[in-house]
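Read off the chains here:
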Amino acid sequence: MMIELRQVSKTFPNGTIGLKDINLKIQTGEFVVIVGLSGAGKSTLLRSINRLIDVTSGDIQIHGQSITSASGSRLRAIRRNIGMIFQSFNLIKRTTVLNNVLSGRVGYHSTLRTLLGSFPKRDVEIALTALERVNIREKAYIRADQLSGGQQQRVSIARALAQEATIILADEPVASLDPLTTRQVMDDLQRINRELNITTIVNLHFIDLARDYATRIIGLRAGEIVFDGSVGEATDEILAEIYGRPVKADEFLDTSREMQVVGVT
Amino acid sequence: MRLDIKSTNPTSTPSIPSSPNDSISNALDKPRRGKRIATWMLFIVILVVCSLYIDVTPYQLFVGLPEMGVLLKEMFPPDWSYLPTIWAPTLQTIKIAVAGTILGAIPAIPAALFSANNITPFKSVSLPIRTLLNLVRTVPDLLFAAVFVAVFGIGPFAGMLALLFFSFGIIAKLTYETVEAIDPGPLEAMTAVGATRIQLIVFGVIPQALPAFISYLLYTFEINIRAATVLGFVGAGGIGLLLNQSLGLFRYDRAATIIILTLAVVLIIDNASTRIRRKLL
Ligand SMILES: Nc1ncnc2c1ncn2[C@@H]1O[C@H](COP(=O)(O)OP(=O)(O)OP(=O)(O)O)[C@@H](O)[C@H]1O
Ligand SMILES: [Mg+2]
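Please read these numbers as outputs of a predicted model, since none were measured by experiment.

**Brief notes about helix α7 (residues 179-195) of chain A**
All names here are of chain A.
Moving on, step 1. With 17 residues, α7 extends 24 Å from end C-alpha to end C-alpha; this agrees with the ideal 24 Å at 1.5 Å per step.
Moving on, step 2. Regarding α7, the residues found buried are Thr-181, Thr-182, Val-185, Met-186, Asp-188, Leu-189, Gln-190, Ile-192 and Asn-193.
Moving on, step 3. With a side-chain oxygen positioned 3.1 Å from the backbone nitrogen of Leu-180, the residue opening α7 is Asp-178.
Moving on, step 4. Trailing α7 by a residue or two, Asn-197 shows a phi angle of about 55°, which is positive.

**Concerning the site of ligand 1**
Residue and element names in this part refer to chain A.
Moving on, step 1. Taken together, Phe-12, Asn-14, Thr-16, Leu-37, Ser-38, Gly-39, Ala-40, Gly-41, Lys-42, Ser-43, Thr-44 and Glu-172 make up the full set of residues adjacent to ligand 1.
Moving on, step 2. In this structure, Ser-38 approaches ligand 1 through a side-chain N or O atom, which is 2.5 Å from an oxygen atom.
Moving on, step 3. Between ligand 1 and Lys-42, the relevant distance is 2.8 Å, taken from an oxygen atom to a side-chain nitrogen or oxygen of the residue.
Moving on, step 4. Out of a free accessible area of 630 Å², ligand 1 has 61% covered by protein chains.
Moving on, step 5. Residues of the shell around ligand 1, tallied by class, amount to three nonpolar, seven polar and two charged.

**Some words on the UniProt feature "domain: ABC transmembrane type-1" (unreviewed entry) in chain B**
Moving on, step 1. Those places that UniProt annotates as "domain: ABC transmembrane type-1" (unreviewed entry) correspond, in this numbering, to residues 90-273 of chain B.
Moving on, step 2. Its end C-alpha atoms 19 Å apart, residues 90-273 of chain B is made of 84% helix and 0% strand.

**Quick look at the pairing of strand β6 (residues 82-85) of chain A**
Residues and elements named next belong to chain A.
Moving on, step 1. Judged by which residues are buried, β6 turns out to be covered on both faces: Ile-82 and Met-84 on one side and Gly-83 and Ile-85 on the other are all buried.
Moving on, step 2. Bridge count for β6 against strand β7 (residues 167-171) is four bridges, and the pairing is parallel. In the strand pairing of β7, Ile-82 is matched with Ile-167.

**Let's talk about the environment of Leu-164 of chain B**
Residue and element names in this part refer to chain B.
Moving on, step 1. Here Leu-164 shows up in helix α7 (residues 156-180).
Moving on, step 2. It is 9.4 Å that separates the C-alpha atoms of Leu-164 and Asp-141, two residues lying 23 residues apart in sequence.
Moving on, step 3. Setting aside anything within four residues of it in sequence, one finds Leu-164 in contact with Gly-100, Leu-103 and Gly-104.

**Focus on the pattern of salt bridges**
Moving on, step 1. Inspection of the entire model under this criterion finds 23 salt bridges over all chains.
Moving on, step 2. Between Glu-4 of chain A and Arg-6 of chain A there is a salt bridge; the shortest N-O distance is 3.2 Å.
Moving on, step 3. The residue Lys-173 of chain B makes a salt bridge to Glu-177 of chain B at a minimum N-O spacing of 3.1 Å. Linking Lys-173 of chain B with Glu-177 of chain B, this pair stays in helix α7, spanning four residues, or about one helical turn.
Moving on, step 4. Salt bridges here are not isolated pairs; linked through shared partners, they connect Asp-79, Arg-251, Asp-253 and Arg-254 of chain B.

**Things to note about the pairing of strand β2 (residues 17-26) of chain A**
All names here are of chain A.
Moving on, step 1. Pairing of strand β1 (residues 3-11) with β2 involves six bridges; the strand directions are antiparallel. Directly across from Leu-5, in β2, lies its bridge partner Leu-24.
Moving on, step 2. The antiparallel pairing of β1 with β2 creates a hairpin that spans five residues between the two strands, and Gly-15 there sits at a positive phi of about 95°.

**Structural notes on the interface of chain B and chain A**
Moving on, step 1. At the junction of the two partners, chain B supplies 19 residues and chain A supplies 26 residues.
Moving on, step 2. Note on chain B versus chain A: buried area summed over both sides is about 1,900 Å², and carbon and sulfur give 64% of it.
Moving on, step 3. Of all residues in chain B, Ala-192, Val-193 and Phe-203 of chain B bury the most surface against chain A, accounting for 30% of the area lost on that side.
Moving on, step 4. For the pair chain B and chain A, the number of links is two salt bridges.
Moving on, step 5. Here Lys-93 of chain A ties to Asp-183 of chain B by a salt bridge, and the two come within 3.6 Å at their closest N and O atoms.
Moving on, step 6. Linking chain B with chain A are six residue pairs in polar contact (both at pLDDT 80 or more), by the criterion used here.
Moving on, step 7. Sorting the residues of the side of chain B that touches chain A by element identifies α8 (184-192) and α9 (197-231) of chain B as the ones contributing at least two each.
Moving on, step 8. Each residue belonging to the side of chain B that touches chain A can be placed in one class, and the counts come to twelve nonpolar, five polar and two charged.

**A few points about the sheet that holds strand β4 (residues 57-62) of chain A**
Residues and elements named next belong to chain A.
Moving on, step 1. As summarised here, the arrangement of the four strands in space is β2-β1-β4-β5, forming an open sheet in which the pairing is antiparallel. On the outer flanks of this sheet lie β2 and β5 (65-66), each paired with one strand and no other.
Moving on, step 2. Its contacts with the sheet put helix α1 (residues 42-49) on β1, β2 and β4, and the angle it makes with β2 is roughly 55°.

**Some points on the domain arrangement of chain A**
Residues and elements named next belong to chain A.
Moving on, step 1. Here chain A is partitioned into domain 1 (7-81 + 166-264) and domain 2 (92-164).
Moving on, step 2. Each of domain 1 and domain 2 has a C-alpha centre, and these two points are 25 Å apart.
Moving on, step 3. Counting residues at the interface gives 17 residues for domain 1 and 14 residues for domain 2.
Moving on, step 4. Approximately 1,200 Å² of surface area, both sides summed, lies buried where domain 1 meets domain 2, with 58% of it carried by carbon and sulfur atoms.
Moving on, step 5. The largest contributions to the domain 1 side of the interface with domain 2 come from Arg-80, Asp-188 and Ile-192, which together make up 40% of the buried area.
Moving on, step 6. Linking domain 1 to domain 2 there are two salt bridges.

**Let's talk about unusual backbone geometry**
Moving on, step 1. Here the bond from Phe-76 of chain B into Pro-77 of chain B is cis, since omega is 0°, no more than 30 degrees from zero.
Moving on, step 2. Within the element layout of this structure, Pro-77 of chain B appears in the loop between α3 (58-75) and α4 (83-115).
Moving on, step 3. In this model, Asn-197 of chain A sits at a positive phi of 55°, which is unusual for a non-glycine residue.
Moving on, step 4. Here Asn-197 of chain A shows up in the loop between α7 and β8 (199-203).

Definitions and cut-offs
- Residues numbered from 1 in each chain as written.
- Chains lettered and ligands numbered in written order.
- Predicted model: local features only at pLDDT ≥ 70, side-chain atom pairs only at ≥ 80, totals over all residues.
- Heavy atoms only, no water.
- Helix = DSSP H or I, 4+ residues; strand = E, 2+ residues; numbered from the N terminus.
- Expected span 1.5 Å × (residues − 1).
- Buried < 20%, exposed > 50% of the residue type's maximum accessible area, 1.4 Å probe, protein only.
- Polar contact = N/O pair within 3.5 Å; in protein donor to acceptor, adjacent residues only side chain to side chain.
- Near = heavy atom within 4 Å.
- Areas by Shrake-Rupley, 256 points an atom, 1.4 Å probe, with all protein chains shown as cover.
- Nonpolar A, V, L, I, M, F, W, Y, C, P; charged D, E, K, R; others polar.
- UniProt positions renumbered as here; feature names shortened; annotations may be inferred.
- Pairing = 2+ DSSP bridges.
- Contact = heavy atoms within 4.5 Å.
- Salt bridge = Lys/Arg side-chain N within 4 Å of Asp/Glu carboxyl O.
- Buried area = accessible area lost by both parts, 1.4 Å probe.
- Axes fitted to C-alpha atoms, helices over the stretch in contact; angles between N-to-C directions.
- Domains from an automatic or database assignment.

Pasting the structure below:
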């Protein structure tokens, strides 16, 4: 079992319920897309998995190890195994692309070694190979903030690859990109998922994207899983249920498909 | 302020003369103007009372002005033959400022990191350090210098130490405010890759805060070079000692040489520093 959530709940300090009794098993190599309305708890779920958020109750296991009860170097070792991709890329803007990718390697070295600032040759090779995989090796020595949004997101994917992670979590990875770049970045994620067998969990709010890339769709509503099935099972009726209303045009990336939906409803 | 503009703008009001906005702004307008006049009156009264109390009056300026003319006349022409003598003390002044600024900036880094709430979420650590920083900043540099002269004796070491404390206070404060305002995204990303706290600082905080830190360091250096020129008045080394002597011996021509040289040094350093700072930000 790659990832397992057992009776996971999260209540924020202000009383807001983020997650309610989530039970979930994700196998190696799956490409899971999580859909749901804004505020449904998609980010909370994703960020609980690598413990950027501490859950209130329940247990989360990664490769059979509880991240919920881990701390110190054991927690860091589990996190090292999980790459994370953010909507806003979260790169270190003032430094080079290569340094950004290398920062994915810090979990493999002692604090002292990273303080001295030099990564071993092998790490540089790993970083360059990662950049090659997302087709931007030629940008290695350019400052990260000089890249386009799509390129920056690919750098952050390369950072996750440099981690040699077996899991990638992506929280709305394409929400700040244009439709064309969106496809390219999603294609990159899919290719990595298939070629390296990296378990991938992506939060998306475009339904057509979810259907195109997912091997499994999970629907969240008010912190609860209301749907969990294959793409074929996620019909418009099911999605309407997840969203609590008919699916709207702006939930599609491709506007030509919007017509079809209008026709259906 | 926006309400004021609305009420005086004729085009927006005629159609709805009894607009609630209008009555509110009129109602606010009168007490506000009254308040402003009262504030100014109070200010003037305080100014007059204080200056009378401590004998600061325009009369003194009037009497003193001719003296100023006499002084200026004595200062010119400056005694250029004095230049070789003051060269070394001027260099010492610069050295005091450089050493004080840099040695103060070094401990300012951990102090800033331990004060910043986003890096050190423990109030039990950040609060005492912030309090210390606030205390350090209440002490004027000359007072520091006087104290250190008393402890370590006359000489540049006391001056350097004074500037060290002074720089530490300013740089640490400005830096921790910058650190608290950095983009939390990269920090989150570093946490997610499994970085230790120090790795997070090296990769997430330093690249973001370094340009501002260097800018504060240069800015503090600009202040310190000025402060260093008068440290000598309390015996803390530098050119101030000679300036004090020249003034005491009524050698205003020599004092003029010192002042002109100091002015030149300050101008050059300010200029260079401002240029570098502009490039950084
Ligand atoms: N730090 C927090 N403190 C309090 N409430 C929070 C916090 N973070 C999230 N929430 C609340 O928890 C709920 C779930 O939030 P979450 O960010 O997981 O939603 P989401 O599905 O990712 O939405 P979006 O599509 O807008 O990103 C929301 O009601 C949100 O307001
Ligand atoms: Mg979200």
